[in-house]
Amino acid sequence: MKNIVFINEREYKDTLVGKELLRLLEKSVFLKGDWGCFTEHYNEITLNIALDNMVYILNNFLHSNQFDNIIIGWNFEDGELINQLISYLDSRDFQITIFNLSDTSIYDVENFELLNKEYQKNYYTIESTGQLVKLSYVDTTDCSAFKSAHILSGIINK
């Protein structure tokens, strides 16, 4: 079964994690979402164009026997975009994980003892497809992109 891994990039360090994860997971490809839509004028039209581009390329990677892990890094401010993207894919033979990386050193949080681990996970089903999605929150405080990628790799390979 194939894995589609979304890394919700919110901080600079997050943008490096996908590249590191690419090296750790066998038969993988990393798609940097900025190529799909990079503009100062986000609106429904630009997001639909980006969605169309991502659906096209994702379907090609899903149909290829060369890849088992498809990693997508982008700032997914709206989780609904991911749900729409998934609903247009040609296959249902894949697992979906969305990683939200948190860095407590960025926020003024006291007594935050997550210790670089998955501290919350939720599951939900996309109504239009019945596809199960795992939404994972991982503390990456004081972790390099390399170490963060190792944490994500361990979660994916469980």
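Structure's up top.
On a predicted model such as this, the values are computed, not experimentally measured, just so you know. (Residues numbered from 1 in each chain as written. Predicted model: local features only at pLDDT ≥ 70, side-chain atom pairs only at ≥ 80, totals over all residues. Heavy atoms only, no water.)

Caption draft 1: Expanded view of the sheet that holds strand β4 (residues 94–102). As summarised here, the arrangement of the six strands in space is β2-β3-β1-β4-β6-β5, forming an open sheet in which the pairing is mixed. This sheet does not close on itself; its edge strands, each paired only once, are β2 (28–32) and β5 (118–125). The average angle at which neighbouring strand axes cross in this sheet is 20°, direction not considered. In this structure, β4 lies alongside strand β6 (residues 132–139), joined through seven bridges in parallel fashion. By the bridge assignment for β6, T97 is matched with K134. Helix α2 (residues 44–63) contacts β1 (2–8), β2, β3 (69–74) and β4 of the sheet and is inclined by roughly 160° relative to β3. (Pairing = 2+ DSSP bridges. Helix = DSSP H or I, 4+ residues; strand = E, 2+ residues; numbered from the N terminus. Axes fitted to C-alpha atoms, helices over the stretch in contact; angles between N-to-C directions. Contact = heavy atoms within 4.5 Å.)

Caption draft 2: Looking closely at the pattern of salt bridges. Applying the stated criterion across every chain yields a total of three salt bridges. A salt bridge links E9 to K32, with the shortest nitrogen-to-oxygen separation between them at 2.5 Å. Remark: K32 occurs in strand β2 and E9 occurs in the loop between β1 and α1 (14–24); sequence separation between them is 23 residues. For E9, a relative accessible area of 6% gives the class buried. Close ionic contact of K27 with D68 constitutes a salt bridge, the shortest N to O distance being 3.8 Å. Here K27 is found in the loop between α1 and β2, whereas its partner D68 is found in the loop between α2 and β3, with 41 residues between them in sequence. On the accessibility criterion, K27 (40% relative accessible area) is partly exposed. Assessed through its relative accessible area of 29%, D68 is described here as partly exposed. (Salt bridge = Lys/Arg side-chain N within 4 Å of Asp/Glu carboxyl O. Buried < 20%, exposed > 50% of the residue type's maximum accessible area, 1.4 Å probe, protein only.)

Caption draft 3: Representation of the pairing of β5. As judged from the seven bridges shared by β5 and β6, these two strands associate in the antiparallel manner. Across the sheet, Y123 pairs through a bridge with K134, a residue of β6.

Caption draft 4: Structural context of the pairing of β2. Buried residues dominate β2, accounting for four of its five residues. Inspection of the sheet shows β2 paired to β3 by five bridges, in the parallel sense. The partner of L31 across the bridge, within β3, is I72.

Caption draft 5: View of the nonpolar core. Ranked by internal contacts, the top residues of the largest apolar core, which has 27 residues, are F6, I70, I72 and I86. Elements with a contribution of two residues or more to this core: β1, β2, α2, β3, α3 (79–87), β4 and β6. Examining the composition of this core, we find that seven residues originate from one element, α2, more than from any other. When residues no more than four places from it in sequence are discounted, the contact partners of I70 are N3, I4, V5, V29, L31, L58, F61 and L62. Core analysis: the next-biggest nonpolar cluster, separate from the first, contains 17 residues, V17, F30, F99 and A145 among them. (Core = buried A, V, L, I, M, F, W, Y, C linked by side-chain atoms within 4.5 Å.)

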